[in-house]
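The primary structure of each chain is shown beneath.
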Amino acid sequence: MTDSKYFTTTKKGEIFELKAELNSDKKEKKKEAVKKVIASMTVGKDVSALFPDVVNCMQTDNLELKKLVYLYLMNYAKSQPDMAIMAVNTFVKDCEDPNPLIRALAVRTMGCIRVDKITEYLCEPLRKCLKDEDPYVRKTAAVCVAKLHDINAQLVEDQGFLDTLKDLISDSNPMVVANAVAALSEIAESHPNSNLLDLNPQTINKLLTALNECTEWGQIFILDCLANYTPRDDRESQSICERVTPRLSHANSAVVLSAVKVLMKFMEMLPKDLDYYGTLLKKLAPPLVTLLSAEPELQYVALRNINLIVQKRPEILKHEMKVFFVKYNDPIYVKLEKLDIMIRLASQANIAQVLAELKEYATEVDVDFVRKAVRAIGRCAIKVEQSAERCVSTLLDLIQTKVNYVVQEAIVVIKDIFRKYPNKYESVIATLCENLDSLDEPEARAAMIWIVGEYAERIDNADELLESFLEGFHDESTQVQLQLLTAIVKLFLKKPTETQELVQQVLSLATQDSDNPDLRDRGYIYWRLLSTDPVAAKEVVLAEKPLISEETDLIEPTLLEELICHIGTLASVYHKPPSAFVEGSRGVQHKRLPARAGSGESTDSPDVSQSVGGATEAAPTVIPSQGDLLGDLLNLDLAPPAAGPTVPPSMQLGAMDLLGGGLDSLMGDDSEAMGAGLGSTPAVMPTSLGAPPVVGGGLGDLFDLGGSVGMPAGAYVPPKSVWLPAMKAKGLEISGTFARRSGVIQMELSLTNKAMSVMTDFAIQFNRNSFGLAPAGPLQVLTPLSPNQTIEVSLPLSTSGPVMKMEPLNNLQVAVKNNIDVFYFSCQYPISLLFVEDGKMERQVFLATWKDIPNDNEAQFVIKDCHLNSDAASSKLQGSNIFTIAKRTVDNQDMLYQSIKLTNGIWVLTELRVQGGNPSYTDLELSVKCRASEVSQFVYQCYELVLKN
């Protein structure tokens, strides 16, 4: 008889009977009773009253009975923690049982009992099992450490279990290695900065050796761990790839995808001209194709991953187009994914095949699929120029079928084709106009209206067509209304005499009768443009449009890099980074692909460091040019020196969105992607970096705290000024200033409540600015701000925020929010805030750099009425990180040569002339040389501010 009999009891007083059976002397009866208890527990009955009786059954040699009791224990330990302590002795005993299965079972159960009181009793048994002679017990104990860490992380660290886990990576048994790696990866994920998995070539070698002999899930853990390693050079990268490649032929698709992830990542480091690189590309295609013969759900996961791979490296699958052709019995979700990949792989070589296939799909019965197929034909036309004509005639054939949804999709994509190839296919407009009446979807109506407005001069009855749309203006969707407004204004600018009435009508509908702010605003802008300056209106509205790009739906490159690092996980199916759908701290670590070999982005370059230390009298090096100011601004060292693409110095101002976001974006989330590895520090840094500079010219020892003349005076902090008057902020007054102390930039604020109500919930955000200043933490206003109360707050700032050139350069736009409203103000910070502590240049480097900067970049200033000698001036300036490199005296005039380095790597060199023996002459002359000459004026202001205060 089967176990189903345990689930079919209907007796009364069941608990009492079970209690008696559990305490029976007969082993068989006990076993039957425990099975009944487990059955009741499984169907949701509360059998926790039997806890002591079931725990008594633990003292048995019968493995099956032990398993059942442990199962009961796991279920009820949380609700009965005091009773669960009774079982601790048995665990301790079982961990020393001669049978390794029982030892492992005890350890596994210990890890599953999530009760704080018990955990410390489990440490000793766990320590023994981690060093057990049987690998089965060791591998179970490794996973138990991760579970215990989840319950009480501190305990695991104090007991030294993490070190034992690290030792297990060198275990002789591959399954133990795999489980140790899995456990460490799990723990490292919840503690991103712990550096638990300290991967080095020796460890990697052990993992690769274990890889061949693990179970499939063990292989996945090891491959995922390998994917987090960054090889030292392309040779190591190639060697790892060679040892991982055999995994591509594994039967388990998860192993295949994990291997693909490792290879995709390490290929980044291989030079493209390497023979092995081509071989690897060829080896990657067959396993991916094989995944497509699995069941539909697996196919879908494979296709989502292939979609990412094709965007990163289309060459892998460029000859495999046929496997992505749709089968009649594919589910719709597989069909749509295949279609997407077909378009990504479309090229001049295979376009005829693809178009024939797409035309076939457009006659299918599934509406969603047909729509996507028609849209795909349009995308092919835009992607492969040689096929555009064939695509347009295919679309016209489809329009002739008069199937409503086919016609509408065709019109939407033809609009895009017109934008890509202007003045080429406009002869088809007449055919499109015939189908005007059948359009009922907003996107299709908007596309048709755009076509009529854009080519109004070629359509005789354009005014009648647009007028027909205008009749039901208020019933149209916003998209159609906006498009109609623009189209009629275009028509008016092209045929002003015939359409004056029509334009009046649409403008009054948009501005007076509509409650949509977007529509009203656009209406008013057109109205004012047309009434004040029709010529300007023509230039704006009929301006030449930029051609649309080939692929509009490509994933943004930095996100694509991150997703490639997550191949084979949910992130690669959702096409979103883990931080977008994983709550809490887990999984939020951002991953990046390593830098390509030979790109000059290697983080450590031994030869440079050797040459600096070795050569005593090397030729002076010049701090390299960084292009215009924008290049400098983008050269912010926002990330650790992880290799990433450097911004070319040729990047011009036009490339940056100077209007983007504005103050509107202040209270929204700041984009994180902005700074990831934007720039690199200058190639050669002064050799004295990091050493406390000793300034020449009688300044004495900087660390002589006895009050000698040489003491730096400390950075000057301007007095607070009112930035936001109470009148403008509903009673909140904000005064402030900026300071730099011990290398930390601070915004010092005084918040005064001049209103009648209490203010709470303060928050602050900055708009993008020239040097990427951003709050390094929240605004700490810990107590409510009562009426007439003032609170002093110090806000630390970082320079890793988004960058946008401001006017003036040191302007900062700030938004402060409290429980009443959001208030905006702007203030200006002294640029000395950005002068860093390691700004002292070597003399030789200074000299060479001064000569190298063009004379046009030199600016001259006079600082009037300054009663300081050169030593006092030098000391004062050093307090603000303006370092004196050398001092010369010529004709009774002291000349100080000084260097400054800004947080974004800009170097400023200055010459300050001080009259030595003439007390009546109090003007100082300042020459400033800098590749980013926009900075010079602000450096002069800093000199004036520091020296006069």
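Residues numbered from 1 in each chain as written. Predicted model: local features only at pLDDT ≥ 70, side-chain atom pairs only at ≥ 80, totals over all residues. Heavy atoms only, no water.

As annotated in an unreviewed UniProt entry, the chain carries the name AP complex subunit beta and comes from Chanos chanos. UniProt lists a comment for the chain under the heading Subcellular location (unreviewed entry), and it reads "Endomembrane system". Per UniProt, the chain carries the Sequence similarities (unreviewed entry) text "Belongs to the adaptor complexes large subunit family." (UniProt positions renumbered as here; feature names shortened; annotations may be inferred.)

A few words on the overall build of the chain. On a plain count of helices and strands, the chain comes out with 38 helices and 13 strands. Here the chain holds 949 residues, and the buried ones make up 50% of them. Taking contacts inside the chain between residues at least 6 apart in sequence as the whole, the part at least 24 apart equals 68%. Just so you have it, the chain exposes about 44400 Å², and 52% of that area is on carbon and sulfur atoms. (Helix = DSSP H or I, 4+ residues; strand = E, 2+ residues; numbered from the N terminus. Buried < 20%, exposed > 50% of the residue type's maximum accessible area, 1.4 Å probe, protein only. Contact = heavy atoms within 4.5 Å. Areas by Shrake-Rupley, 256 points an atom, 1.4 Å probe, with all protein chains shown as cover.)

Another point: the sheet that holds strand 13 (residues 924–930). A sheet is described by the order of its strands in space; here 5 strands give the open sequence 9-13-12-11-10, paired in antiparallel fashion. The open sheet has two edge strands with one neighbour each: strand 9 (858–863) and strand 10 (883–890). Averaged over all neighbouring strand pairs, the angle between strand axes comes to 20 degrees, with direction disregarded. Taken together, the 6 bridges between strand 12 (residues 907–915) and strand 13 define a ladder with antiparallel strand orientation. Bridge pairing links R913 to E925 in strand 13. Here helix 37 (residues 870–879) sits on the sheet in contact with strand 10, strand 11 (893–901) and strand 12, set at roughly 10 degrees to strand 11. Most of the contacts of helix 38 (residues 936–947) go to strand 9, to which it runs at about 25 degrees, and overall it touches strand 9, strand 11, strand 12 and strand 13. (Pairing = 2+ DSSP bridges. Axes fitted to C-alpha atoms, helices over the stretch in contact; angles between N-to-C directions.)

This part is about unusual backbone geometry. Looking along the chain, the bond that leaves E807 and enters P808 is cis, with omega of -5 degrees. Structurally, the position occupied by P808 is in the loop between strand 6 (790–798) and strand 7 (811–817). For K402, which is not glycine, the phi torsion reads 60 degrees and is therefore positive. For K402, the location among the structural elements is in the loop between helix 23 (388–400) and helix 24 (404–420). Positioned with a positive phi, H575 is a non-glycine residue whose angle comes to about 60 degrees. Structurally, the position occupied by H575 is in the loop between helix 33 (570–574) and helix 34 (606–614).

Once that is clear, we can look at the environment of G743. Looking at the element boundaries, G743 is found in the loop between strand 2 (732–741) and strand 3 (744–753). Along the backbone, G743 and V836 are 93 residues apart, and their C-alpha atoms lie at a distance of 6.9 Å.

Turning our eyes to something else, we now look at the packing of helix 14 (residues 201–211) against helix 15 (residues 216–226). Between helix 14 and helix 15, the shortest axis-to-axis distance is 10 Å and the interhelical angle comes to 150 degrees. Here helix 14 is positioned roughly antiparallel relative to helix 15, judged by the angle of their axes. Crossing angle aside, the handedness with which helix 14 passes helix 15 is left-handed. When helix 14 is examined against helix 15, the residues I204, L207, L208, A210 and L211 are found in contact with a partner set consisting of Q219, I222, L223, C225 and L226. Of the residues contributing to the contact of helix 14 with helix 15, the split by class is 9 nonpolar, 1 polar and no charged. (Parallel < 35°, antiparallel > 145°, perpendicular 65-115°, else oblique. Left-handed = near helix turned anticlockwise from the far one by under 90°. Nonpolar A, V, L, I, M, F, W, Y, C, P; charged D, E, K, R; others polar.)

Applying the stated criterion across every chain yields a total of 11 aromatic pairs. Relative to F369, the ring of Y361 lies with its centre 5.1 Å away and its plane at 40 degrees, an arrangement referred to as tilted. F369 matches Y361 in its accessibility class, with the two residues each being buried. Aromatic pair F738 and Y829: ring centres 6.1 Å apart, planes at 75 degrees, arrangement edge-to-face. In this pair, F738 sits in strand 2 while Y829 sits in the loop between strand 8 (822–828) and helix 36 (843–852), placing the two residues 91 residues apart along the sequence. (Phe/Tyr/Trp six-rings, centres within 6.5 Å; stacked < 30°, edge-to-face > 60°.)

For a regular strand, side-chain orientation follows a simple rule: the groups alternate between the two sheet faces. Of all the 7 residues making up strand 7, 5 are buried; the element is thus mostly covered by neighbouring parts of the structure. One ladder, built from 4 bridges, connects strand 4 (residues 763–766) with strand 7; its direction is antiparallel. Residue pairing in the sheet places F766 in a bridge with V814 of strand 7. Here strand 7 runs beside strand 8; their pairing, made up of 7 bridges, is antiparallel. The residue bridging V816 from the neighbouring strand is F823, located in strand 8. Linking strand 7 back to strand 8 in an antiparallel pair, the connection comprises 4 residues.

Let us now look at the side chain of T499. Among the secondary structure elements, T499 is positioned in the loop between helix 28 (478–494) and helix 29 (500–511). Overall, T499 belongs to the buried group, its relative accessible area being 2%. A distance of 2.7 Å separates a polar atom in the side chain of T499 from the backbone oxygen of K495. Apart from the residues within four sequence positions on either side, T499 is in contact with D463, L491 and F492. (Polar contact = N/O pair within 3.5 Å; in protein donor to acceptor, adjacent residues only side chain to side chain.)

With 12 residues, helix 38 ought to run about 16 Å at 1.5 Å a step, and its terminal C-alpha atoms sit 17 Å apart, in line with that. If you check which residues of helix 38 are buried, you get S936, F938, V939, Y940, C942, Y943, V946 and L947. Considering only its buried residues, helix 38 is in contact with strand 9, helix 37, strand 11, strand 12 and strand 13. (Expected span 1.5 Å × (residues − 1).)

It is worth spelling out empty space enclosed by the protein at this point. Here the structure, examined in full by the defined rule, presents 2 cavities of 30 Å³ or more. Size it by volume and the second largest cavity reaches roughly 40 Å³. Contributing to the lining of the second largest cavity are S253, L257, L291, L298, V301 and A302. For the lining of the second largest cavity, the secondary structure elements donating two or more residues are helix 17 (253–267) and helix 19 (296–312). Take the lining of the second largest cavity: its biggest share by element is 3 residues, from helix 19. (1 Å grid on protein atoms, 1.4 Å probe; cavity = no way out; pocket = protein on both sides within 12 Å on 5 of 7 lines; lining within 4 Å. Points joined across faces, edges and corners; volume = space filled by probe spheres on them.)

This paragraph deals with a negative patch on the surface. On the surface, E464, E467, E471 and E501 cluster together into a negatively charged patch. Classification of E471 as exposed rests on a relative accessible area of 70%. (Patch = residues over 30% accessible without salt bridge, like charges linked within 9 Å, V, L, I, M, F, W, Y side chains within 5 Å. Salt bridge = Lys/Arg side-chain N within 4 Å of Asp/Glu carboxyl O. Lys, Arg positive; Asp, Glu negative; His and termini not counted. Charge placed at Lys NZ, Arg CZ, Asp CG, Glu CD.)

Hydrogen bonds between backbone atoms are what pair the strands of a sheet, whose relative direction is either parallel or antiparallel. As summarised here, the arrangement of the 5 strands in space is 1-2-3-6-5, forming an open sheet in which the pairing is antiparallel. For this open sheet the edge positions go to strand 1 (721–724) and strand 5 (774–775), each flanked by a neighbour on one side alone. When strand 3 meets strand 6, the two strands line up antiparallel, connected through 8 bridges. Considered in strand 6, the bridge of M747 is made with L795.

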